[in-house]
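Here is what each chain is made of, one letter per residue.
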Amino acid sequence: DVKVTQSSRYLVKRTGEKVFLECVQDMDHENMFWYRQDPGLGLRLIYFSYDVKMKEKGDIPEGYSVSREKKERFSLILESASTNQTSMYLCASTTSAGGGTSNQPQHFGDGTRLSIL
Amino acid sequence: AQSVTQLDSHVSVSEGTPVLLRCNYSSSYSPSLFWYVQHPNKGLQLLLKYTSAATLVKGINGFEAEFKKSETSFHLTKPSAHMSDAAEYFCVVTLNAGKSTFGDGTTLTVKP
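All of these numbers come straight from a predicted model, not from anything done at the bench.

Undergrad: Break down the overall build of chain B for me, citing the residues and quoting the values.
TA: When you go through chain B residue by residue, the secondary structure sums to zero helices and twelve strands. Ordered by position from the N terminus, the helices and strands of chain B form the series β-β-β-β-β-β-β-β-β-β-β-β. Its C-alpha atoms give chain B a radius of gyration of 13 Å, within 12% of the compact-globule value 13 Å for 112 residues. For chain B, the spread of C-alpha atoms along the principal axes amounts to about 40 × 30 × 20 Å. When each of the 112 residues of chain B is scored for burial, the buried share is 43%. Taking all contacts inside chain B whose residues are at least 6 apart in sequence as the whole, residues at least 24 apart take part in 56%. Positive and negative side-chain charges in chain B, numbering 9 and 8 respectively, have mean positions lying 6 Å apart.

Undergrad: Describe the interface of chain B and chain A, and please don't skip the residues or the numbers.
TA: Every contact between the two is made by 22 residues of chain B and, on the other side, 22 residues of chain A. Regarding the contact of chain B and chain A, the summed buried area is about 1800 Å², with carbon and sulfur atoms giving 51% of it. Applying the counting rule to chain B against chain A returns one salt bridge. In this structure, B:K42 and A:D110 form a salt bridge, with 3.8 Å as the shortest nitrogen-oxygen distance. At the boundary of chain B with chain A, the tally comes to five residue pairs in polar contact (both at pLDDT 80 or more). Every element with two or more residues in the side of chain B that touches chain A is listed here: β5 (32–38), β6 (44–50), β10 (87–94) and β11 (100–102) of chain B. With four residues, β5(B) is the largest single contributor of residues to the side of chain B that touches chain A. Class assignment for the residues of the side of chain B that touches chain A results in eight nonpolar, ten polar and four charged.

Undergrad: Please provide a residue-by-residue account of the sheet that holds strand β8 (residues 73–78) of chain A, values included.
TA: Residue and element names in this part refer to chain A. A sheet is described by the order of its strands in space; here four strands give the open sequence β1-β3-β8-β7, paired in antiparallel fashion. Two strands bound the open sheet, and with one partner strand each, they are β1 (4–6) and β7 (64–70). Along the sheet, successive strands turn relative to each other by an average axial angle of 20°, direction set aside. Here three bridges tie β1 to strand β3 (residues 19–25), and the two strands are oriented antiparallel to one another. Each bridged residue has a counterpart across the sheet, and for T5 the counterpart in β3 is V24.

Undergrad: Mind laying out the state of the cysteines, listing which residues take part and the relevant values?
TA: Residue and element names in this part refer to chain B. Inspection of every chain in the model, using the stated rule, returns two disulfides over all chains. A sulfur-sulfur distance of 2.0 Å marks the disulfide that ties C23 to C91. Disulfide C23-C91: the torsion about the S-S bond is -70°, which places it as left-handed. Taken as a pair, C23 in strand β4 (residues 23–27) and C91 in strand β10 lie far apart in primary sequence, 68 residues in all. Owing to a relative accessible area of 0%, C91 belongs among the buried residues under this scheme.

Undergrad: Please provide a residue-by-residue account of the layout of surface pockets, values included.
TA: Reported here for the second largest pocket is a volume of approximately 290 Å³. Lining the second largest pocket are 17 residues, with A:Q37, A:M88, A:R113, B:Q38 and B:E88 positioned closest to its centre. Secondary-structure elements contributing two or more residues to the lining of the second largest pocket are β4 (31–38) and β9 (87–94) of chain A together with β10 of chain B. Across the lining of the second largest pocket, the residue classes break down as five nonpolar, seven polar and five charged.

Undergrad: Go over the packing of aromatic side chains, please, and point to the residues and values.
TA: Residues and elements named next belong to chain B. The final tally for this structure, using the stated rule, is twelve aromatic pairs over all chains. Plain terms: the ring middles of Y50 and F74 are 6.3 Å apart, the flat faces sit at 50° to each other, and that makes the pair tilted. Here the residue Y50 occupies a position in strand β6, and F74 occupies one in strand β9 (residues 73–78), the gap between them amounting to 24 residues. Both residues of the pair, Y50 and F74, belong to the buried class.

The rules behind these values
All residue numbers refer to positions counted from 1 along the written sequence of the respective chain. A letter from A marks each chain and a number from 1 marks each ligand, given out in the order of writing. For a predicted model such as this one, the threshold for reporting local features is a pLDDT of at least 70, and the threshold for listing and counting side-chain atom pairs is 80 or more; totals across whole chains, interfaces and linings nevertheless cover every residue. Excluding hydrogens and water, the side-chain figures rest on all heavy atoms present in the structure. The helix and strand labels rest on DSSP assignments: H or I over at least four residues marks a helix, E over at least two residues marks a strand, and numbering proceeds from the N terminus. Radius of gyration here uses only the C-alpha atoms, and the compact-globule reference equals 2.2 Å multiplied by the residue count raised to the power 0.38. Exposed residues in this analysis have more than 50% of their type's maximum accessible area, buried residues have under 20%, and partly exposed residues fall in between, with area computed by a 1.4 Å probe over protein chains only. The contact definition used throughout considers only heavy atoms, calling two residues in contact when any of these lie within 4.5 Å. Positive: Lys, Arg. Negative: Asp, Glu. His and the chain ends are not part of the count. Where a charge lies is defined by one atom per residue type: Lys uses NZ, Arg uses CZ, Asp uses CG and Glu uses CD. For any pair of parts, buried area is found by adding up, for both, the accessible area (1.4 Å probe) each one loses once the two are put together. Any Lys or Arg side-chain nitrogen found within 4 Å of a carboxyl oxygen on Asp or Glu counts as a salt bridge. Any pair of N or O atoms that falls within 3.5 Å is considered a polar contact. Within protein, one atom must be able to donate a hydrogen and the other to accept it, and sequence-neighbouring residues count only if both atoms are side-chain atoms. Residue classes follow a fixed rule: Ala, Val, Leu, Ile, Met, Phe, Trp, Tyr, Cys and Pro count as nonpolar, while Asp, Glu, Lys and Arg count as charged, and any other residue, Gly among them, counts as polar. A strand pair is defined by DSSP finding two or more bridges across the two strands. Axis angles are defined between N-to-C directions and span 0 to 180 degrees, where every axis is a line fitted to C-alpha atoms and, for a helix, only to the segment in contact. In this description, a disulfide is simply a cysteine sulfur pair whose atoms lie within 2.5 Å. Whether a set of points on the 1 Å grid over the protein atoms alone is a cavity depends on a 1.4 Å probe fitting there but being unable to get out, while an open set qualifies as a pocket with protein on both sides within 12 Å along at least five of seven lines; lining residues are those with an atom within 4 Å of a point. Grid points are joined across faces, edges and corners, and a volume is the space filled by probe spheres set on the points. Only Phe, Tyr and Trp rings are paired, with Trp represented by its six-membered ring, and only when their centres lie within 6.5 Å; those with planes under 30 degrees apart are stacked, over 60 edge-to-face, the remainder tilted.

Printed below as a string of structure tokens:
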């Protein structure tokens, strides 16, 4: 079965720290995504990647960066954590098979609940 | 441009009664539409998707949705609610890679 694994379920960090969130998928998917989820705001796209070493900004990239050195792994980096980055972070992946990603569902990890103190 | 509006932030039903979660969308082109469910402390799980085939789409756990282009709607229904259906539901519209827009979510409560 399809599996997206996020390295931590809960994480507590301090302001100013550099924070790494890791995501691994075992489906050989080309496309990977990072979202943050806040109550009443749905999911907002931070960054996505459609190939190794490729990245595209989403709707709210400020304060974040990403790394994709291998196809199965997509890392989200908070360069200098701030309290307004306290949130649930969700990783997802999808395939480009079938002519495009628009009709392919995304597969999600269980999320990392990050608290910045 | 695309957008999604889930018309109810909270819906409460009694077990065994029908469920209706409403979603309207706007899109410049023919979109793909999805419904996902999220249980507490879990990621999102696909319920069903519409990709320009049949307008009535059947999903998992007895859910279905009807695509109505004239009304730009994609409402989610289930004939009989079960306690295990209590969760948050998201309507999503996707045009192309990386351009999925999520609704704000509807929390479904099922009363015994």
